[in-house]
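Working through the structure, step by step
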Amino acid sequence: MGRDEVEYMLVELDDKDEKVRLVLNGGDVLDILQDQGEKINPNHPTLWRPEYSSYMIEGTPGQPYGGTMSEFNTVEGNMGKRRREASSVLNPNESLCTITAFPRLGCAGFTKPEYRPTPVEKGRCQSHCFCPDEAISRHPRFSTLTRNIRHRRGEKVVINVPIFKDKCTPSPFVEEFPEDDGEAARAALPDHIYMDAMGFGMGNCCLQVTFQACSIDEARYLYDQLATFCPIVMALSAASPFYRGYVSDIDCRWGVISASVDDRTQEERGLKPLKNNKYRIFKSRYDSIDSYLSCCGEKYNDINLTIDEGIYKQLLGAGIDKLLAQHIAHLFIRDPLSVFEEKIHLDDENESDHFENLQSTNWQTMRFKPPPPNSDIGWRVEFRPMEVQLTDFENSAYVVFVVLLTRVILSYKLDFLIPLSKVDENMKVAQKRNAVLEGMFYFRKDIYKGCVPVLDGVACAQNGLEPDCGNEEYTLMSIDTIINGKEGVFQGLIPILNCYLENMEVDVDTRCTILNYLKLIKKRASGELMTMAKWMREFVASHPEYKQDSVITDKINYDFFRKCDRIGKGEEPCPELIGNPVNKVK
């Protein structure tokens, strides 16, 4: 089945000053957790890893989940174990939160201990007004990435997020930056929240799932099919409407992270003619995928793909097929962002660090993961667009939903493919405010005809079907229609999953767990339950200190985190967000 990855924030709730701050001791917490866990027992049920920011840690199950249906019953229990384990080593007043974006990241005094931003050349992120270097993890990889992205780009990154215009929000909304040398004033757009550092994107938390495939063909097929779901599941999991102390007009983090690590030069972005650079590159290195990998997907590859021709020819010459060769040659148009001295001279027959160095800094909606050399790990695909949710119940529901989707896709040989350019359009819609209810998404109408993959090394059979003319294969649908179905339009993913479950041997306990999870997804899609983003907006809008001016004060933020903390620990119900699930996790 694979494993999930949950990213956590460490916060301090200061009851005296009624403030919440991000605690910059993730490295120490990580050391303790590893010393108490995997370093003593290689079979420890949890694994802990560093993340970009020094207030973040990442937790995964110690071993991948197995393939039986009953494993679905262990996901939430393992997430609960992680939350309790990490919480047990924190100081009094500190808490572990699964919140996608800290609402006041970059505001004065948002860290504990407090530091000033480092605008001078010696700074790694050079944020003029907002982000101190101390908020970056002490792991050398992250500070190197930060410095090199800025150096390669030739200027600071620029992030502009549209502000939510409330009754008393200034119009136009234009900020002044007292410590600015002119760069912020030039880069900030009117009616937008301006941010200038990698930490504004990579300092957000997410929820990811990696799947084990039984062959390279199955991995390629799953990669393509799941790519079409990335925007849908992202909108369903929307959880990040606030940035730098303001209410924004978007609900998801994706575009913010994309801009925060955009190392393309002006030439590569098409702002100047190519002179010193080799390629015009159309996307940031953190973005949606650019090509399908299975032969089913080939006819839907309608995005302009920039590739390294030399590497492409080398791969074709070595017997790699065109689709996989162009995928790898596309990864290699990017520069490596960090190379450690001891990793320069490697035995490429037995080590894949050079490839992984590039692969791991091409952050896309899906990641295709070849097996490491001399390892029994097989071909894997990683599903990356989900926003992290407030509770273990919600996070488990999204993980189980996506895993079940993969089972159904493989069992019924389903085909969700549409032109990749339409998936990109869906990605833009998915980030908009309340996209889950208001957005319309391109989606395939008939998922039972089209390309029939015959897995395990046999080429895809086209079944004699020609692609339909025009856009007959797909149409615009609401997320409610995609998830729950609509008579005469689409049967809905939940009914398909229920049909699959009825045909499987599932014990009563596991079935009850899964149905609880699917109920959450179903009700989020229909609007009966709120997304985290909608719930956050309503919390701020109804707060007595909110002045309808799009500003999130320290007090609003503190009250918000107090409530989130109680809900996350199971001390307070939140029926408008998660309904009333039966809590039976030990």
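Calculation notes
Residues numbered from 1 in each chain as written. Predicted model: local features only at pLDDT ≥ 70, side-chain atom pairs only at ≥ 80, totals over all residues. Heavy atoms only, no water. Helix = DSSP H or I, 4+ residues; strand = E, 2+ residues; numbered from the N terminus. Rg over C-alpha atoms; globule rule 2.2 N^0.38 Å. Contact = heavy atoms within 4.5 Å. Buried < 20%, exposed > 50% of the residue type's maximum accessible area, 1.4 Å probe, protein only. Axes fitted to C-alpha atoms, helices over the stretch in contact; angles between N-to-C directions. Parallel < 35°, antiparallel > 145°, perpendicular 65-115°, else oblique. Nonpolar A, V, L, I, M, F, W, Y, C, P; charged D, E, K, R; others polar. pLDDT = per-residue confidence, 0-100. Pairing = 2+ DSSP bridges. Polar contact = N/O pair within 3.5 Å; in protein donor to acceptor, adjacent residues only side chain to side chain. Lys, Arg positive; Asp, Glu negative; His and termini not counted. Salt bridge = Lys/Arg side-chain N within 4 Å of Asp/Glu carboxyl O.

In terms of regular secondary structure, the protein chain is built from 20 helices and 17 strands. By the compact-globule yardstick of 25 Å for 586 residues, the protein chain fits well, its C-alpha radius of gyration being 23 Å. Taken along its principal axes, the extent of the C-alpha atoms in the protein chain is 70 × 60 × 55 Å. At a minimum sequence separation of 6, the contacts of the protein chain that also span at least 24 residues come to 74%.

To continue, consider the environment of F368. Residue placement: F368 occurs in strand 14 (residues 366-369). With relative accessibility at 3%, the residue F368 sits in the buried group. Taking the C-alpha atoms as reference, F368 lies 44 Å from T169; in sequence the two are 199 residues apart. For F368, the residues in contact, after removing those within four places along its chain, are I216, A219, R220, Y223, L293, L324, H327, Q359, W379, R380 and V381.

What follows is about the packing of helix 12 (residues 392-412) against helix 17 (residues 508-526). Running from N to C, helix 12 and helix 17 cross one another at 95°; their axes reach a closest spacing of 9 Å. Accordingly, the angle class assigned to the pair helix 12 and helix 17 is roughly perpendicular. Only I514, N516, Y517, L518, L520, I521 and R524 of helix 17 make contact with helix 12, whose side of the interface consists of F393, E394, S396, A397, Y398, V400, F401 and L404. Among the residues forming the contact of helix 12 with helix 17, the class breakdown is eleven nonpolar, two polar and two charged.

The next subject is the confidence of the model for the protein chain. When pLDDT is averaged along the protein chain, the result is 91; 90% of the residues meet or exceed 70. Note that pLDDT drops below 50 for residues 454-470; the model gives that stretch 29 contacts with residues more than four away or on any other chain.

Regular strands have side chains that alternate between both faces of the sheet. The buried fraction of strand 1 (residues 3-14) is high, at eleven of twelve residues. Relative to strand 9 (residues 207-212), strand 1 runs antiparallel, the two sharing four bridges. Residue pairing across strands places D4 opposite V209, the latter belonging to strand 9. Where strand 1 lies against strand 4 (residues 56-61), four bridges are found, and the strand directions are antiparallel. In the sheet register, M9 faces strand 4, and the bridge partner there is M56. The sheet contact formed by strand 1 and strand 5 (residues 94-97) spans four bridges and is antiparallel. Paired with E12 across the bridge in strand 5 is E94. Relative to strand 2 (residues 19-23), strand 1 runs antiparallel, the two sharing four bridges. For L13, the partnering residue across the bridge sits in strand 2 and is V20. Connecting the antiparallel pair strand 1 and strand 2 is a turn made up of four residues, with E18 showing a positive phi of about 50°.

For the rest of this paragraph, the subject is the environment of T406. Examined against the element boundaries, T406 turns out to sit in helix 12. Owing to a relative accessible area of 6%, T406 belongs among the buried residues under this scheme. The spacing of T406 and T513 is 107 residues in sequence and 18 Å in space, taken between C-alpha atoms. Discounting residues that sit within four places of it in the chain, T406 has contacts with F211, L222 and L226. A polar contact is formed between the side chain of T406 and the backbone oxygen of V403, at a distance of 2.5 Å.

A few words on the side chain of E94. Looking at the secondary structure, you find E94 in strand 5. Of the side chains with opposite charge, K112 comes closest to the buried, unpaired E94, at an N-O distance of 5.7 Å. Those residues within four positions of E94 in sequence are excluded, and the remaining contacts are V11, E12, V23 and N25.

A word on the pattern of salt bridges. What the rule picks out here adds up to 44 salt bridges. Ionic pairing is found between E18 and K555, a salt bridge with its closest N-O pair at 3.0 Å. Remark: K555 occurs in helix 19 (residues 554-568) and E18 occurs in the loop between strand 1 and strand 2; sequence separation between them is 537 residues. Among the residues examined, K555 registers a relative accessible area of 23% and is labelled partly exposed. Put simply, D415 and R444 hold a salt bridge, and the shortest N to O gap is 3.5 Å. Of this pair, D415 sits in the loop between helix 12 and helix 13 (420-430) while R444 sits in strand 16 (residues 441-444), and the two are 29 residues apart along the sequence. Taking the relative accessible area as the measure of exposure, R444 reaches 2% and is therefore buried.

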